[in-house]
Amino acid sequence: MADKIVVVIDSGGRGAALVHKYSQSPHVKNIIAIPGNDLMQLNSSTPVRTFPELKTTDIGEIIQVCKKYKVNLVDVAQDNAVEVGLTDKLIEQGFNVIGPTKAAGQIEWDKAWARDFMKRHKLPIPFYETFNSHSKAIKFVNKNPKKRFFVKAAGLADGKGAIPVENAREAIGAIKQMSMFGKAGETFVIEEWLDGEEFSMFAISDGKTFQIVGSAQDYKRLYDGDVGPNTGGIGCSAPALIVDKNIYKQAELILKTALSGLTQEGRIYKGILYLGAIVVRGKVFVIEFNARWGDPEAEVLIPSIKNDLYELSMSTCNGTLNKMKIRTDKKARVVITGSLKANAAKTERELFGIRDILRLPKVIIYGTRVTQDGSKYFVSSGRLFHIVGEGEDIIQARQRAYEAMERISIEGDNLHYRTDIGWRDVERIRKGWKLDNPEG
Ligand code: AMP
Ligand code: GLY
């Protein structure tokens, strides 16, 4: 019977994908999204109420909403909510929550702690050092003047806290930039730059067992050809074809070791654990862990889940995940993120074409920063929306996504998106890649 109320704590496309999937559950009567966004109702067959005036970190107000509406499940999907301990506070109040506690989520919100944790548990990682002092860090890079590093703020920085540097001069510049991140940059990590191909893999854990949901490949640079500044992710494809049986086994073992390491350290992990990995000559190294779905990875992976998401999430709260088997539809998906052109002034502009897309088969649009006013849609800054195409392979999925994207425009010709999302796997397929994919 549809009598359950689910709360999704997220503002973007990831939250929209969660709302969409929860709305397909026969248990779910209503969905509350905090803060949510104006496009969430588009894909939901159940009513969605948003709270645009709240932030994902407004613990007191969120608890009040959960009490007022007597909600059955809260999905803490956004990293900053994990960091402030929203899960802990909701559990104290007796709510069912999917999403890690503050202590378990430290694996994401403190990169210095996370690297030390990975070292303690002998996970494959690059060489790194942690610093609290600019002068010590500068001494360190001056001793290694020709080394290429990543300089990373230890705290959360909206995906912008990792700076690649080619030599000591650039490294010193990056060290100075750490102050820009405020408290998040007080401690920072300098680590060896690994050259290889990246992918991500997602596990769901109930604190006792875990299952792999799938893999994806994110495109983070702003412009075609993987150039320009790093973004939080501007497109993505799934599954990641680099994940053959050998890579899958290594990644699975990394996730297993991390989850059991967290348990051993008294930080039981319930929720989605995201492994960001890089393959160097056939060996998988950990770049990072995140305590949540990726965004836009969620937009390609969540639609593939065939299970009832309400039941799946409840099984992680109750520690009964072993009674479920995650099933996915084995389709390929590509998501393309639309944003405002980098040089566009951040004023409100009309967005055209959304309703056209709703009629297209095997295409979904998820909003991030689109506001609705009557029958019109408006945008003003940042990542705006995500278009997901589905297909039998990445080539077909990407074609559907791009055909849909061509129908969208922003007043004054101000829409930006990459035109080469998924190129790595498109090339693999064109070169005759054969199915050796454990998920495939
Ligand atoms: P992070 O903020 O740790 O997610 O890093 C952002 C992006 O920087 C990653 O997705 C990688 O593309 C890149 N990156 C971070 N650390 C390294 C590293 N040690 N070697 C190579 N690339 C890295
Ligand atoms: N797309 C990368 C992330 O969510 O961290």
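One structure accompanies this document, and this report is about it. (Residues numbered from 1 in each chain as written. Chains lettered and ligands numbered in written order. Predicted model: local features only at pLDDT ≥ 70, side-chain atom pairs only at ≥ 80, totals over all residues. Heavy atoms only, no water.)

## Observations regarding the pairing of strand S2 (residues 28-35)
Under the convention used in this document: Under the scheme applied here, a residue whose accessible area is under 20% of the maximum for its type counts as buried, over 50% as exposed, and between as partly exposed, the area being computed with a 1.4 Å probe on protein chains only. Think of it this way: any DSSP run of H or I at least four residues long counts as a helix, any run of E at least two long counts as a strand, and we number them from the N terminus. One requirement defines pairing of two strands: DSSP has to find at least two bridges between them.
The element S2 is largely enclosed, with a buried count of 6 among its 8 residues. One ladder, built from 7 bridges, connects strand S1 (residues 4-10) with S2; its direction is parallel. Along S2, the bridge assignment pairs Val7 with Ile32. In the sheet, S2 pairs with strand S3 (residues 48-50) via 3 bridges, with the strands oriented parallel. Among the inter-strand pairings, Ala33 is bridged to a residue of S3, identified as Thr50.

## Let's talk about the environment of Trp193
This is how it is decided: Contact definition: two residues touch when any of their heavy atoms are within 4.5 Å.
Here Trp193 lies in the loop between strand S9 (188-192) and strand S10 (197-206). For the pair formed by Trp193 and Pro126, sequence separation is 67 residues and the distance between their alpha carbons is 7.6 Å. Not counting residues up to four positions away in its chain, the partners in contact with Trp193 are Arg148, Phe149, Phe150, Pro164, Val165 and Glu166.

## Some points on the site of ligand 1
The cut-off we apply is this: Near residues are defined by distance, with any heavy atom within 4 Å of the molecule or strand qualifying the residue. Whenever two N or O atoms come within 3.5 Å, that pair is a polar contact, provided that in protein one can donate a hydrogen and the other can accept it, and provided that, for residues adjacent in sequence, both atoms are side-chain atoms. Here, Shrake-Rupley sampling with a 1.4 Å probe gives the accessible areas, and only protein chains in the shown set may cover a residue. As a working rule, the residues Ala, Val, Leu, Ile, Met, Phe, Trp, Tyr, Cys and Pro are called nonpolar, Asp, Glu, Lys and Arg charged, and the rest polar, with Gly in that last group.
Around ligand 1, a shell composed of Lys111, Phe150, Lys152, Ala162, Glu191, Glu192, Trp193, Leu194, Glu198, Lys220, Ile287 and Glu288 is seen. The separation between an oxygen atom of ligand 1 and a polar side-chain atom of Glu198 is 2.4 Å. Across the complex, the protein chains shield 92% of the 480 Å² of accessible surface that ligand 1 would expose by itself. Residues of the shell around ligand 1, tallied by class, amount to 5 nonpolar, no polar and 7 charged.

## Regarding the packing of aromatic side chains
Our working rule: Here a pair means two rings of Phe, Tyr or Trp (six-membered ring of Trp) with centres within 6.5 Å. Their orientation is stacked below 30 degrees between planes, edge-to-face above 60, and tilted elsewhere.
Under the defined criterion, the tally for this structure stands at 10 aromatic pairs. Arranged with centres 6.4 Å apart and planes meeting at 25°, the rings of Phe127 and Phe140 form a pair that is stacked. In this pair, Phe127 is assigned in the loop between helix H6 (111-120) and strand S6 (128-131) and Phe140 in helix H7 (residues 134-143), connecting sequence segments 13 residues apart. Assessed through its relative accessible area of 13%, Phe140 is described here as buried. Both rings, one in Tyr402 and one in Tyr417, keep their centres 6.1 Å apart while their planes meet at 35°; by these two values the pair is tilted. Separated by 15 residues along the polypeptide, Tyr402 in helix H13 (residues 394-405) and Tyr417 in the loop between strand S24 (415-416) and helix H14 (423-430) bring together distant segments of the chain.

## Observations concerning the side chain of Asp206
Defined as follows: When charges are counted, neither His nor the chain ends are considered; positive counts come from Lys and Arg and negative counts from Asp and Glu. Salt bridge, as used here: a side-chain nitrogen of Lys or Arg that lies within 4 Å of a carboxyl oxygen of Asp or Glu.
With respect to the helices and strands, the residue Asp206 is situated in strand S10. Of the buried charged residues, Asp206 lacks a salt bridge, with Lys208 as the closest side chain of opposite charge at 5.4 Å. Within the structure, the side chain of Asp206 is placed 3.4 Å from the backbone nitrogen of Thr320, a separation counted as a polar contact. At 3.0 Å, the side chain of Asp206 forms a polar contact with the backbone nitrogen of Leu321. Setting aside its immediate chain neighbours within four residues, Asp206 contacts Tyr269, Lys270, Ser315, Thr316, Gly319, Thr320, Leu321 and Asn322.

## So, the pattern of salt bridges
Inspection of the entire model under this criterion finds 25 salt bridges. For Lys55, the salt bridge goes to Asp58, with nearest N and O atoms at 3.8 Å. With relative accessibility at 51%, the residue Lys55 sits in the exposed group. Between Glu108 and Arg292 there is a salt bridge, with its nearest N and O atoms 3.0 Å apart. Of the two residues, Glu108 sits in helix H5 (residues 102-109) while Arg292 sits in the loop between strand S16 (283-290) and helix H10 (297-301), which places them 184 residues apart along the sequence. Of the residues examined, Glu108 reaches a relative accessible area of 7% and is grouped as buried. Of the residues examined, Arg292 reaches a relative accessible area of 14% and is grouped as buried.

None of this, on its own, says anything about what the molecule does.
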